[in-house]
Amino acid sequence: MNNLTLPQDHQAREEASDPQLNVTLEASAGTGKTRILVDRYIRLIEAGAAPRNILAITFTRKAAGEMKYRIIQELRRQSMLWQEVRDRLFDVRIATMDAFCLGLLKEFPLEANLEPDMDLLSEVEIHLLLEEAVERSLMGHGRRPTPDLKFLISQFGEASLQRGIRHFIRSRLVTGPLLDQFVRQRVPHTLELRHVLTKTSSSLREALRNHHWATLPMPLRHVMESQPVTPFDLEHVASYFLTQNGTPRKRLSRACLRADFDTRAKYDQHRMQVIGIAPVIAEHIRRWRRDVDFYAIQELWKLYRSASQHFTSLKEERGGLDFSDVVHHAVNLLNQRGIFSQSRFRLESRYHHLLIDEFQDTNEMQWSLIQSLIDSWGEGAGLVQDAIANAQASGRGKGMLQEPSIFLVGDQKQSVYGWRDARVEVVNTATKYLMNIRPKGGRQLHIRQSFRSRPALLHFLNDVFSGVPKEKEDVRWAFRYRKSDHFPVLESDDHDLTVGLAIAPTRARAASAVGDDIVRLLQENAYQPKDIAICFRSRTHYRVYEDALAQRGVPTYVYRGLGFYDSPEVRDIQALIRYLANPISELRAAEVLRSRFIGFSDTGLSLIAHQHRRRAKETPLLHLLKQAIPPETLPPTIPSEDHAIITNILPKVTAWLDIADQIPPSDLLQRIVEETDYAACFSGRHGIQGWENLKKVLELIRRAQNRGYMTFARLVEYLDYASAGEESLAALETTDAVNLMTIHAAKGLEFRAVFVVNMDQTLRTDTSLPRIKEHADGTVDVYATEKVETKGPDRALEEEKRLLYVALTRAKDYLVLSSLDVGHKERHATFNNLLPKSLRELLPQAATTDAPELAWKPASATHRLRVVRPASSPRHYHDVTIASSQTLALEPLPHPTQS
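Residues numbered from 1 in each chain as written. Predicted model: local features only at pLDDT ≥ 70, side-chain atom pairs only at ≥ 80, totals over all residues. Heavy atoms only, no water.

A. Region of the structure containing the overall build of the chain. Helix and strand counts for the chain come out as 35 helices and 18 strands. Here the chain holds 899 residues, and 53% of them are scored as buried. The long-range fraction of contacts in the chain, counting pairs at least 24 apart against all pairs at least 6 apart in sequence, stands at 78%. (Helix = DSSP H or I, 4+ residues; strand = E, 2+ residues; numbered from the N terminus. Buried < 20%, exposed > 50% of the residue type's maximum accessible area, 1.4 Å probe, protein only. Contact = heavy atoms within 4.5 Å.)

See below:
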């Protein structure tokens, strides 16, 4: 590690911690930005700022919890300061962006035109409501003008439509305005498919009329003879005259055979006519496809608006908001004048100092919210200045704080949440604003000294990211790794190899190489399993690595997303609790019916839902759970397994509801587990882990219950908070194990050894409908049926470069890059193809060489890379015995009274 202090970094850290300065701090990976944020908070307290006047905002509950913990720990170390603030710790405000906005709206509901009891919907609720909103739109329940669903489904398929519209609704604060603007400015207002079809067929007929055609397929005859022409006919015309790439043919298509012509001369004459007129046909087809693309965009826009209206209505029915809602309403509230003016002044005088963490993950709307809070500061004579002056005059301060302050910290190189609407360029927008908010300006600081990684590894990272392909400087959202971003290497490091390459012909062999190398680290280098992480670009293929480690006796923990709170048994328990808390919800009924406690099939649910809705407007799944649907009215095609469930299991649900408010939740859950023989769900090697997960979640529920009166409704909130997509509780309680996680989950964490695997996999591509292509100048193009223009910078690809940076900077001592030996394929966007060319070309050699190491020689130095390959026989960390599904013995669950 770098133990020396870089003078420039030392100065930047001092200024960043100064509570009198407005600061934007760019902090590279491993530089200890949280330490600076905590220091600044402590120095604000020391200077006389009250905790209630300091607002710190971050973007996850886990980060907020960790920040508050570190602040309190630091206050405890300073006894005099602790004595002063210990009774005011409840005033320490560390909030997520959504929690701050929701609190603001609940404080001023009337001014925000919202119901006082509105709340933030859970992620599960949002997903289910989105599905229902999109389904209603596809069923035609919407305001006019209605979209051309027949055309859209024929073009994209129903599943793609649903996925695309859900994506647009989730990202509506960013993508919604872009699509609206494009449709209003670029799409003809009177565009109709039948008019475009008529226009194109007439143009083609006119072009073809001047030639004598000896033989033509039926679609061309339709065009020539003024028959009703379909889009299918026009695509046949296109394939006859154009290649698959849309270019004019230089030779006839396979649909035109020599045998179709009487003589060779007629065949040659026909060929020359086709080749000669193909450029003209190409232009007409290009216009046709452009108009069809515009039409598809227009109809998708209508579908998006219809689904958005349904989504809004469904949220209003449940009295809830999603994350985009709370930010949008909070911004509108702060921008109000008139009725909100007095309340706004009170709010402005409450928060004197703002600290915003992970600022690279914000977007324009969130920055607008922050800007609204600090707008009046620039005037220098608002309530904030008066409140600060009064606090200093009261004797609690040292006279240092005369003005409010704001501190923004982040790292543009680690902005990897574009799919959550983060816009990395907002950092520069905010910095320019902050530098001019007061006559004295502010400080734009940069720290880059890593205290995380070994010098040799830092040197390797500098050379890797210096060689990553770069976009032009005018692309504001492009990945940048300038000279000023290089990690300083202040010490020499000539010890063990710090970087390895695990390149193999198959995924299983790559996993074996990784597994054997991990055992080597555990046995020879005194590593503990928890010191090691395997990072994946996506959630696919993690099982093969989990199995490889299990075969070698290495404990594993699948972290976040595929971990504890996402395990099937914990999701089943949550579905059951949500239903018992709200048994009149159709969504909750669907969840519990699909859980393994009941096990109703999706086919059966769909058949019952659609048939019953034709008979009545009431909710069919609630009727099903209450056995209010007569057996004779059930669809005849319902699976026999579902019939058995209706007969044997559903009668028990009514009994559960009858006693749900009479006995403690843990007692009822224990009873349901026993009555449904839930243990039968666990078999094979993963059955043991499933049983342990079930025991663990029931124990968490008992602990929560023992702290006080716990209803099922409060239990829902408790588990939602505990999981929150962050897995904080489960991660803290996990045993010593190798962590398997996505790169996004690894962000903010560090490990002694990191294996970045599956680097040959194709990177994330834009699958939304329609697809938006952003240009460097701020303009956009939108595509639906047409292929997206690949030339020019691509926002998604630039984010993948930043994701690679996050992945490689998690390692402290040892880093391994692993992929399949798939050859050099420039056209595929993979992590491999983001590496410098000289390193990329070394990968195939790592798959075939017998040497223990290879040398990578970029311009600045030579890096020794360990060749990681499977051992001749698998290495073992512990002896492994795996119970078969027939012999798996599960210990009984402890009764609640025993805990």
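B. Spotlight on the nonpolar core. Membership of the largest hydrophobic core comes to 66 residues, with the highest contact counts inside it found for Phe156, Leu161, Leu179, Phe241, Ile281 and Ile297. Of the residues forming this core, the biggest block, 20 residues, is contributed by helix α13 (residues 264–318). Those residues in contact with leucine 179 that lie beyond four places of it in its chain are Phe168, Ile297, Trp301, Tyr304, Pro770, Ile772 and Val782. Listed in part, the 52 residues of the second largest apolar core include Leu501, Val756, Met759 and Val806. (Core = buried A, V, L, I, M, F, W, Y, C linked by side-chain atoms within 4.5 Å.)

C. Highlighting the environment of arginine 537. Among the structural elements, arginine 537 can be located in the loop between β10 (532–536) and α21 (542–551). Residues arginine 537 and methionine 741, spaced 204 residues apart in sequence, show a C-alpha to C-alpha distance of 8.9 Å. A polar atom in the side chain of arginine 537 sits 2.8 Å from the side chain of glutamate 800. (Polar contact = N/O pair within 3.5 Å; in protein donor to acceptor, adjacent residues only side chain to side chain.)

D. Representation of the sheet that holds strand β9 (residues 499–504). In spatial order, the strands read β11-β12-β10-β13-β16-β9-β18-β17; together these eight strands make up an open sheet with mixed pairing. Of all strands in the sheet, those bounded by a partner on one side alone are β11 (556–558) and β17 (853–856). Each neighbouring strand pair of the sheet contributes to a mean axis angle of 25 degrees, computed without reference to strand direction. Across three bridges, β11 lies against strand β12 (residues 738–742) in parallel orientation. (Pairing = 2+ DSSP bridges. Axes fitted to C-alpha atoms, helices over the stretch in contact; angles between N-to-C directions.)

E. Summary view of the side chain of threonine 431. Mapped onto the elements of the fold, threonine 431 is located in helix α18 (residues 426–435). On the basis of relative accessibility, which here comes to 7%, the residue threonine 431 falls in the buried class. Contact partners of threonine 431, with chain neighbours within four places excluded, come to Thr24 and Gln444.

F. Just the sheet that holds strand β8 (residues 443–447), in detail. The strand order β3-β2-β6-β7-β1-β8 describes an open sheet built from six strands, whose pairing is parallel. The sheet is open, and its two edges are formed by β3 (93–96) and β8, each paired on a single side. Strand-to-strand, the axes of this sheet are offset by a mean angle of 15 degrees, without reference to chain direction. Docked against the sheet, helix α2 (residues 33–46) engages β1 (23–27), β2 (54–58), β3, β6 (353–356), β7 (405–410) and β8, running at close to 170 degrees with respect to β7. Against the sheet, helix α5 (residues 97–107) touches β2 and β3, its axis set at about 105 degrees to β3.

G. Main features of the packing of aromatic side chains. Under the definition given, this model contains 17 aromatic pairs. Ring centres of phenylalanine 151 and tyrosine 295 lie 5.0 Å apart, and the angle between their planes is 70 degrees; on these two criteria the pair is classed as edge-to-face. You can see phenylalanine 151 sitting in helix α7 (residues 149–156) and its partner tyrosine 295 sitting in helix α13, a full 144 residues away along the chain. Note on phenylalanine 465 and tyrosine 481: the rings are 5.7 Å apart at their centroids and 50 degrees apart in plane angle, and the pair reads as tilted. Here the residue phenylalanine 465 occupies a position in helix α19 (residues 455–466), and tyrosine 481 occupies one in the loop between α19 and β9, the gap between them amounting to 16 residues. Looking at tyrosine 481, the relative accessible area reads 6%, which means it is buried. (Phe/Tyr/Trp six-rings, centres within 6.5 Å; stacked < 30°, edge-to-face > 60°.)

H. Highlighting unusual backbone geometry. Backbone geometry places asparagine 113, a non-glycine residue, at a positive phi of 60 degrees. With respect to the secondary-structure elements, asparagine 113 resides in the loop between α5 and β4 (119–120). Residue glutamate 358 is not a glycine yet carries a positive backbone phi of 50 degrees.

I. Structural context of helix α23 (residues 586–594). For α23, the buried fraction is high: eight of the nine residues fall into the buried class. Every buried residue of α23 is listed here: Glu586, Leu587, Arg588, Ala589, Ala590, Glu591, Val592 and Leu593.

J. Seen up close, the packing of helix α1 (residues 7–17) against α2. Interhelical geometry of α1 versus α2 gives an angle of 45 degrees and a closest axis separation of 8 Å. Relative to α2, α1 is oriented oblique. Of the residues in α2, those in contact with Arg13, Glu14, Glu15, Ala16 and Ser17 of α1 are Ile36, Asp39, Arg40 and Arg43. Its residues placed into classes, the contact of α1 with α2 shows two nonpolar, one polar and six charged. (Parallel < 35°, antiparallel > 145°, perpendicular 65-115°, else oblique. Nonpolar A, V, L, I, M, F, W, Y, C, P; charged D, E, K, R; others polar.)

K. Region of interest: the pattern of salt bridges. A complete count under the given rule lists 50 salt bridges for this structure. Here aspartate 291 and lysine 199 are joined by a salt bridge, their closest N and O atoms 3.2 Å apart. In this pair, aspartate 291 sits in helix α13 while lysine 199 sits in helix α10 (residues 193–208), placing the two residues 92 residues apart along the sequence. Each of Lys33, Asp357, Glu358, Asp361 and Lys747 takes part in one network of salt bridges that share partners. (Salt bridge = Lys/Arg side-chain N within 4 Å of Asp/Glu carboxyl O.)

L. Here's a closer look at the confidence of the model for the chain. Residue-level pLDDT values for the chain average 82, and 84% of them are 70 or greater. Ranking the elements of the chain by mean pLDDT puts helix α31 (residues 728–733) last with 42 and strand β13 (residues 751–756) first with 97. For the stretch residues 724–734, pLDDT sits under 50, and the model shows 30 contacts to residues farther than four places along the chain or on other chains. (pLDDT = per-residue confidence, 0-100.)

M. Region of interest: the environment of valine 554. Relative to the assigned elements, valine 554 resides in the loop between α21 and β11. For the pair valine 554 and alanine 737, spaced 183 residues apart in sequence, the C-alpha to C-alpha distance is 7.4 Å. With sequence-adjacent residues up to four places away left out, valine 554 is seen in contact with Ile518, Val519, Leu522, Leu549, Val738 and Tyr877.

N. Seen up close, the packing of helix α8 (residues 158–170) against helix α9 (residues 172–186). α9 packs onto α8 with a crossing angle of 105 degrees between their chain directions and a minimal axis gap of 6 Å. Classified by the interaxial angle, the pair formed by α8 and α9 is roughly perpendicular. Between α8 and α9, the residues in contact are Phe168, Ile169 and Arg170 and Arg172, Thr175 and Leu179, respectively. When the residues that make up the contact of α8 with α9 are grouped by side-chain class, the tally is three nonpolar, one polar and two charged.

O. Here's a closer look at helix α28 (residues 665–675). When we look at burial in α28, the residues that qualify are Pro665, Ser666, Leu668, Leu669, Gln670, Ile672 and Val673. Where α28 ends, the next residue or the one after it, aspartate 677, has phi of about 50 degrees, a positive value.

P. Here's a closer look at the environment of arginine 186. Residue position: arginine 186 is located in helix α9. Residue arginine 186 is classed as partly exposed on the basis of its relative accessible area of 41%. Separated by 108 residues in sequence, arginine 186 and phenylalanine 294 place their C-alpha atoms 8.4 Å apart. Look past the residues within four positions of arginine 186 in its chain and what remains in contact with it is Phe294, Val780 and Asp781. Side chain to side chain, arginine 186 and aspartate 781 meet in a polar contact 3.2 Å long.

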